[in-house]
Amino acid sequence: MSQSVIGVHDRPSLKKWIPLSFQHVFAMFGATILVPLLTGLSPSTALFTAGTGTLLYILITGAKVPAFLGSSFAFIPPLIGISAQYGMPYALGGAFCAGIFYTIVGAIIKIAGTKWLDRALPPVVIGSVIIVIGLNLAPTAMQSAMYVDNQYSLVAFSVALFTLAVAIIATIFFKGFFNTLSILIGLAGGYVFALVMGIFFPAYKFIDFSIVRDSDWFGLPSFAFPKFAFVPVLTFIIVSLATICEHLGDTLVTSKVVGRDFYKDPGLHRTLTGDGLATTWASLWGGPPNTTYGENIGVMAITKVYSVWVIGGAAVIAVILSFIHKFGAIIQTIPGPVMGGISMLLYGLIASSGLRTIVESGVDYKDKRNLTISSVILVIGIGGGVLKFSVGGAFEFSLGGVALATVVGILLNLILPKKLDSKKAGSEPDSGNEVSGE
């Protein structure tokens, strides 16, 4: 299947631009409003700060990186813990300083340069980390696809599989502009299927319009402002060490999907600064810390639409939705199984990008060094490895999942000697047991 690419700086016509941007809004919406719902912040404010934070990120990175920034799940524990002990304003103050810490790290990277990254992050580490990022999200997709109220539902799984089938058909067989809307088409198909199921089989009603009926048409987001204390600030800065590692991974994925090295242009210092200032900006308005979203990276991987204009359009739509509560409520009615079906494709595409990185880079897995590095990264990242220790009181530092896997992978790559099998390869003849071409 041939598919045209809409490049980073390409601006589609308005009739294409709007639906392409809405596609990204649907992809990020559920996760972005879930974080404030879990932490006691306002979903409308989260939409506002996600949209404005994305626009700020695009500005700081010189409109060179197509990335949507939404609510960060990594900061959920400190948001809940600090707000319970000190109050939410102090949690927002901690988030404010965490964002400033990002910019400090970015300044250090600007001074030190990025050549060290080529040494620390060779393809075997990059590819393995990208695989972990995608597969780490897989349980979330399957939970949404198969479970309703923590109970397995074959009907829910059927809705998810129908949604997935529609998205796959649109991705593989549709041509032209409709091909670039494959995610939106999959969502629409799954939504209609779930709606019809609820009409004919009321016991399997997945869509409840009461939230739409009860919401106002228009309204201002609920804004809150930060306060500062030493322990909340220190807690958020420590947690940000893990999210900075996640930023490295997300920027790597975006680079591989788009086919550009964003570490070098616009530079990792600018992507980190953009991410950090978006978090600082969000805290000033009462929104959760921001981070780049894997869901939107997956949309780009499938549609090959990399335009910052499209991402910027999605950001503007998110801001508008923060004031139009009725429309935002409609999006909230999208059933979990429908989002689960779409996520199976989106998250899988991220993991596949990691495989492509490894294959295209010619990583040699006959070399035990490469085999060891990949094995450890995959097990720690996918298996849920966590490093925890107390930072005083009831708070503890936690480095786990993608962040821990990235750090361990970098350390192994720096410590392990090159070509562990070089002596054996030079002294022993080929056994002849290997099949040619494998």
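Quick caveat, the model's predicted, so the values are computed rather than measured. (Residues numbered from 1 in each chain as written. Predicted model: local features only at pLDDT ≥ 70, side-chain atom pairs only at ≥ 80, totals over all residues. Heavy atoms only, no water.)

## Re the overall build of the chain
What the chain contains, in helices and strands, is 20 helices and six strands. Within the chain, the fraction of its 438 residues that count as buried is 54%. Expressed as a percentage of contacts within the chain between residues at least 6 apart in sequence, the contacts between residues at least 24 apart total 83%. With an accessible surface of roughly 19,300 Å², the chain has 67% of that area assigned to carbon and sulfur atoms. (Helix = DSSP H or I, 4+ residues; strand = E, 2+ residues; numbered from the N terminus. Buried < 20%, exposed > 50% of the residue type's maximum accessible area, 1.4 Å probe, protein only. Contact = heavy atoms within 4.5 Å. Areas by Shrake-Rupley, 256 points an atom, 1.4 Å probe, with all protein chains shown as cover.)

## Points about the packing of helix H2 (residues 43–60) against helix H15 (residues 308–323)
It is at 7 Å that the axes of H2 and H15 come closest, and there the two elements cross at 155°. With respect to each other, H2 and H15 are oriented roughly antiparallel. Considering the relative orientation of H2 and H15, their crossing is left-handed. Between H2 and H15, the residues in contact are Ser44, Leu47, Phe48, Gly51, Thr52, Thr54, Leu55 and Ile58 and Val308, Ile311, Gly312, Ala315, Val316, Ala318, Val319, Leu321, Ser322 and Phe323, respectively. Taken together, the residues of the contact of H2 with H15 break down into twelve nonpolar, six polar and no charged. (Axes fitted to C-alpha atoms, helices over the stretch in contact; angles between N-to-C directions. Parallel < 35°, antiparallel > 145°, perpendicular 65-115°, else oblique. Left-handed = near helix turned anticlockwise from the far one by under 90°. Nonpolar A, V, L, I, M, F, W, Y, C, P; charged D, E, K, R; others polar.)

## A closer look at the packing of helix H14 (residues 294–303) against helix H17 (residues 336–361)
How two helices pack is summed up by the angle between their axes together with the distance between the axes. Across the interface, H14 lies against H17 with an axial gap of 8 Å and an inter-helix angle of 80°. Of the possible angle classes, the one that applies to H14 and H17 is roughly perpendicular. Contact residues: H14 offers Gly294, Glu295, Gly298, Val299, Ala301 and Ile302, while H17 offers Leu345, Leu346, Tyr347, Leu349 and Ile350. Along the lines of polarity and charge, the residues of the contact of H14 with H17 split into eight nonpolar, two polar and one charged.

## Concerning the packing of aromatic side chains
Overall, the coordinates contain eight aromatic pairs when judged by the stated rule. Here Phe48 and Trp285 contribute two aromatic rings whose centre-to-centre distance is 5.6 Å and whose plane-to-plane angle is 70°, an arrangement assigned as edge-to-face. On the criterion of sequence distance, the pair formed by Phe48 in helix H2 and Trp285 in helix H13 (residues 263–285) is long-range, its members being 237 residues apart. For the pair Phe48 and Phe323, a centre-to-centre distance of 6.1 Å together with 90° between the ring planes defines the contact as edge-to-face. Remark: Phe323 occurs in helix H15 and Phe48 occurs in helix H2; sequence separation between them is 275 residues. (Phe/Tyr/Trp six-rings, centres within 6.5 Å; stacked < 30°, edge-to-face > 60°.)

## Description of the pattern of salt bridges
Inspection of every chain in the model, using the stated rule, returns one salt bridge. Between Lys64 and Asp265 there is a salt bridge whose closest N-O contact spans 2.8 Å. You can see Lys64 sitting in the loop between H2 and strand S1 (69–71) and its partner Asp265 sitting in helix H13, a full 201 residues away along the chain. Taking relative accessible area as the criterion, Lys64 reaches 27% and is therefore assigned partly exposed. Among the residues examined, Asp265 registers a relative accessible area of 41% and is labelled partly exposed. (Salt bridge = Lys/Arg side-chain N within 4 Å of Asp/Glu carboxyl O.)

## Here we look at the side chain of Asn370
Mapped onto the elements, Asn370 comes out in helix H18 (residues 368–383). From its side chain, Asn370 meets the backbone oxygen of Asp364 in a polar contact 2.9 Å long. Filtering out sequence-adjacent residues up to four positions away, Asn370 remains in contact with Val124, Val363, Asp364 and Tyr365. (Polar contact = N/O pair within 3.5 Å; in protein donor to acceptor, adjacent residues only side chain to side chain.)

## Describing H17
Spanning 26 residues, H17 covers 37 Å between terminal C-alpha atoms, matching the ideal 38 Å at 1.5 Å per step. At Ser343, H17 shows its largest bend, some 30°. Two residues or fewer after H17 comes Gly362, characterised by a positive phi angle close to 70°. (Expected span 1.5 Å × (residues − 1). Bend = angle between axes of the 7 residues up to and from the residue.)

## Focus on the side chain of His24
Along the polypeptide, His24 turns up in helix H1 (residues 14–39). Since its relative accessible area comes to 2%, His24 is described here as buried. Those residues in contact with His24 that lie beyond four places of it in its chain are Asn296, Val299, Met300, Val310, Ile311 and Ala314.

## What to know about the environment of Lys418
In this structure, Lys418 sits in the loop between helix H19 (401–415) and helix H20 (422–427). Accessibility expressed as a relative area gives 57% for Lys418, which makes it exposed. Taking the C-alpha atoms as reference points, Lys418 and Asn370, 48 residues apart in sequence, are found 9.3 Å from one another. Setting aside residues no more than four positions away along its own chain, Lys418 makes contact with Arg119 and Arg369.

## Overview of a nonpolar patch on the surface
Where nonpolar side chains cluster on the molecular surface, the patch consists of Val192, Leu195, Val196, Ile199, Phe200, Phe201, Tyr204 and Phe209 and spans about 770 Å² of accessible area. Structurally, Phe209 is set in the loop between helix H10 (182–200) and helix H11 (210–214). (Patch = residues over 30% accessible without salt bridge, like charges linked within 9 Å, V, L, I, M, F, W, Y side chains within 5 Å.)

## Some details on the environment of Ala84
With respect to the secondary-structure elements, Ala84 resides in helix H3 (residues 76–85). Judged by its relative accessible area of 67%, Ala84 falls in the exposed class. Along the backbone, Ala84 and Thr39 are 45 residues apart, and their C-alpha atoms lie at a distance of 10.0 Å.

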